[in-house]
Every structure is written in C-alpha cells, then in structure tokens.
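Residues per chain are reported as follows:
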Amino acid sequence: MTLSSTRSAVRAGALTAALAAFLCTTATAVSVAAAAESPSARPAAVQADVPAGVTAGVAVFDRQTGTFTEQLNTAGQFRSASVVKLLIALDVLWNRSPDALSAADRARIDTMLRGSDDTAASTFWSNNGSGAIVDRMVTRLGLTDTARPPSTHPGYWGYTALSARDTVKIYRHLLDSAPAATRDYILGDLRQSTRCATDGYDQHFGIAGSFNRPWAVKQGWSGFSSGGCTAPAATASGAAGAAEEPAGTDARTPAGADAVDLSRPALHTTGVVGAGDRSIVAVFTLHPGGTSYGKAYTDIGRLTRSLNVPGASRPAGTWVGTWGSGVRVRTQATTTSGAITTLPAGVEVLVGCQKRGQQVSQPPYVNDWWAQLPQYGGYMTNIYLSVPENQVPGVPVC
C-alpha cells in the first residue's frame, strides 16, 4: 500500500498530544439510520445546515406531493461547472431520438454524463453553437436564472449561470415532459455515474455519498487543484478544475451573467433520489478560496445529509474524518489486496464496521485495525482515521 508521507515528519513530542486533542474535537461520529424518510419525518421548514464559510443554493422537490421540502437561496446564480452538461445533452437530443445519434455522439454523451468528460462537452459546445445552446434551452424550458457564460469568458461552458430552482425545472422536464426514450437514456447514464470522473476527481459526493441507491446524479466542480481519485482514464484537465476549458467564441452576454462568482471553488450535487425518482435535489455551493477538495467534499456531504429528502434511504454507519493524502481503499484489510480508489485528501468517510487485518506502520503509529467503507465497497487502514485510538469508538466489529 502506498502510504501518505504528509505527516511523516510530524507527530512527535508535545505535538502528539495537541494533535490528539484536535482529532477528538474534529472527528465526526454521527450514526445514520438506514431507513427511508417520509414527508412527515421532519417539518416543512428549511433544514439545510450550511457549513461555515459556504455559500449555498438549495432546492428539494417532492414529485409525489408536488411541493418543495427545502428552499434556500433558490434563485441564486452559480457558475454551473459540469451541471450544464445536462443542458448540452438535452440540446443534442431535442427533437431527436437517442437511436438516431451517431455512434461517436452516443459515446460522447455516455462519457460526458457518466464520467463528466470535459472533452466530449467541449466538442458539443463548439459544434452546436456554444452559448446559443444555453439560449435555446432557456427558451425551451422556461428557465429564469440561467444564462450563457459572461462576455469575459465566452467559450467556457462551465461558467454558464445556473440556479437551484432552474435545475429542478431541468429535471422536471426530463422526468415529466421529455420523450420516454430521451428520459430513459439520460437518466440511465446518470444512474451509471462513475466514482472517478475522467479528470481524476471523485464525483460521488453529496447525493451519491449521502443516500443509498436508487439515485441518478450530475455533479459539478471547479477551482480545485486535485480531486484525489484513481481514474485510469484521467486527463490533464483536472489540474485546473473541471468544466473550465474554453471552446468556441460568443458575442452576446445576457444581463446579470457577468455577476456570477468565477473565483471561489465551486462544488455542486444534483439529481433524483428514491424509488420512482421521487425527489429532485439541487445543491450548489461556493467555498472560501484555497479550500481543499476533501474539505469541500465533506462540507457538501454534511449539507446534503441535513436535508429533508422524501423517499431517500440513508446508509447506516458512522462518519469519521481522515487525514493524509494518497490513502487507498482496498478490497481487503491488507496492503497487498487490490486498490479500489484513492481518497480525496482529508475527506470524511462513512465507516460501517471495523476489523483486524494487516498491521500498518506510520511512525510513530502502528495499527492493525481496518475500517469497512460501505460507500466504497472496501477497506482503509484505521491509521488514517481522525480518532485518538486504534479503534473507532462506537463502531462495531465486522
């Protein structure tokens, strides 16, 4: 197993006691019941717990009752990052059956929606009119807060302005108005969202990390330097953050588009949750400059878990912080077993149970306990969990 060297020169003398105190105050140990929520489980008032320093736009729509269970800054405009790929795909398929697509275009849509591939999005953006794609979809879907990228960045499709309430409209169109073939094709791809995007970012945060399947998600991220994830097809585009690559040029800028924040790191989770795609969830977030991907991943996870999402089933386990970078999730509790993925540095993980396995040493620490991570389907050594003991308090033995 490749172990992090982030703290190889730390953890000695008085620093050990200070770190233990820090870990005790920062580790999260919130047990989550694995039971589906009902509309009556919580009052209709806003439950969204927005972490300090985060700007958020949130909307949760219950399709069964036709009402919103969460609304917070729903009209706030955020740069869309890769969430705009929903509009790009719908534009390609407008008045066209998926069966009519060329093999090349079908492959592009598949990788664009499942792996959030930027090259595929840029190809459609350039070939289909760039900002005109957004203009067409605004008219077709009656969107009120959506606008093409600002005049300063006309070819950056990820700088399209989008809000939580407009995102709900997009999913409602897809679920209730789009031709069945289009609905099934796009949602089929969103249900097959890969943990590792093609640019090497772990995209199973927010909805995908908070709820059991069934769900279908389209995520977005922008402004991060590293996404931690083992992705065989990773591309260099991840270094600058996804959804920011220029493609084509535009001349017009709708009023208000230039006011969208293009600087703070952005992380968004959108999709449908529950049997029969009962709830539509849209969570847009901006984070303080310099926020790591793992910290933003953790914050949007906590925010999403706080929401009243009818029909959602929540996984059982205890949320615990991690430290270090390059930490692997393995198929078994040994460093010689296969690596499933690499965790984003410092991310919070759900621990289902723990068991003894191969002893791991990271001086001055030695630990033979391993945590089972149900969201990843594998194990990580407890040595990188932010708890003061070798075992996680309150977590059962596997």
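Residues numbered from 1 in each chain as written. Predicted model: local features only at pLDDT ≥ 70, side-chain atom pairs only at ≥ 80, totals over all residues. Heavy atoms only, no water.

A. Focus on the pattern of salt bridges. Per the counting criterion, the structure on display carries 17 salt bridges. Here Asp 135 makes a salt bridge to Arg 148, at a shortest N to O gap of 2.5 Å. On the criterion of sequence distance, the pair formed by Asp 135 in helix 5 (residues 131-141) and Arg 148 in the loop between helix 5 and strand 5 (161-162) is long-range, its members being 13 residues apart. The closest approach of N and O atoms between Arg 191 and Asp 277, which form a salt bridge, is 3.0 Å. Placement of the pair is Arg 191 in helix 7 (residues 180-191) and Asp 277 in the loop between strand 7 (266-273) and strand 8 (279-286), with a sequence separation of 86 residues. Asp 277 gets classed as buried once you look at its relative accessible area, which sits at 11%. Taken together, the shared-partner salt bridges in this structure form one network comprising Asp 91, Arg 136 and Arg 140. (Salt bridge = Lys/Arg side-chain N within 4 Å of Asp/Glu carboxyl O. Helix = DSSP H or I, 4+ residues; strand = E, 2+ residues; numbered from the N terminus. Buried < 20%, exposed > 50% of the residue type's maximum accessible area, 1.4 Å probe, protein only.)

B. Local environment of the pairing of strand 15 (residues 378-381). The alternating pattern of strand 15 places Gly 378 and Met 380 and Tyr 379 and Thr 381 on opposite faces, both of which are buried. Alignment of strand 14 (residues 365-373) against strand 15, held across four bridges, turns out to be antiparallel. Bridge pairing links Gln 372 to Tyr 379 in strand 15. Between strand 14 and strand 15, which pair antiparallel in sequence order, lie four residues; one of them, Gly 377, sits at a positive phi of approximately 70°. (Pairing = 2+ DSSP bridges.)

C. Quick look at the nonpolar core. In terms of nonpolar packing, the biggest core is built from 48 residues, with Leu 307, Val 349, Met 380 and Leu 385 touching the most fellow members. When residues of this core are assigned to their parent elements, the largest contribution, five residues, is made by helix 9 (residues 293-305). Leaving out residues up to four positions away in the same chain, Met 380 has contacts with Thr 322, Val 327, Arg 328, Leu 343, Val 349, Trp 370, Ala 371, Leu 373 and Leu 385. Counting 45 residues, the second-largest nonpolar core is a separate cluster that includes Ile 109, Val 134, Trp 157 and Ile 186. (Core = buried A, V, L, I, M, F, W, Y, C linked by side-chain atoms within 4.5 Å. Contact = heavy atoms within 4.5 Å.)

D. Quick look at the state of the cysteines. Under the criterion given, the structure shown has two disulfides. Sulfur-sulfur distance for the disulfide between Cys 196 and Cys 229 comes to 2.0 Å. For the disulfide bridge between Cys 196 and Cys 229, the dihedral angle about the S-S bond is near -80°, and by the sign convention the bridge is left-handed. Taken as a pair, Cys 196 in the loop between helix 7 and helix 8 (207-210) and Cys 229 in the loop between strand 6 (215-222) and strand 7 lie far apart in primary sequence, 33 residues in all. Residues Cys 196 and Cys 229 agree in their burial class; the two are buried. One disulfide in the model links Cys 353 with Cys 398; its S-S distance is 2.0 Å. Handedness here is read from the sign of the S-S torsion; for Cys 353 and Cys 398, about 95°, the answer is right-handed. (Disulfide = S-S within 2.5 Å.)

E. Structural view of the pairing of strand 6. A large share of strand 6 lies buried, amounting to eight of its eight residues. Residues Trp 215, Val 217, Gln 219 and Trp 221 of strand 6 are buried on one face, and the alternating residues Ala 216, Lys 218, Gly 220 and Ser 222, pointing to the opposite face, are buried as well. Bridge count between strand 6 and strand 7: eight bridges; the pairing is antiparallel. What sits directly across from Ser 222, in strand 7, is Ala 266.

F. Spotlight on unusual backbone geometry. With an omega of 10°, the peptide bond running from Arg 213 to Pro 214 counts as cis. Positionally, Pro 214 belongs in the loop between helix 8 and strand 6. Despite not being glycine, Asn 73 has its phi angle at roughly 50°, a positive value. With a phi close to 50°, Asp 277 is a non-glycine residue in the positive phi region.

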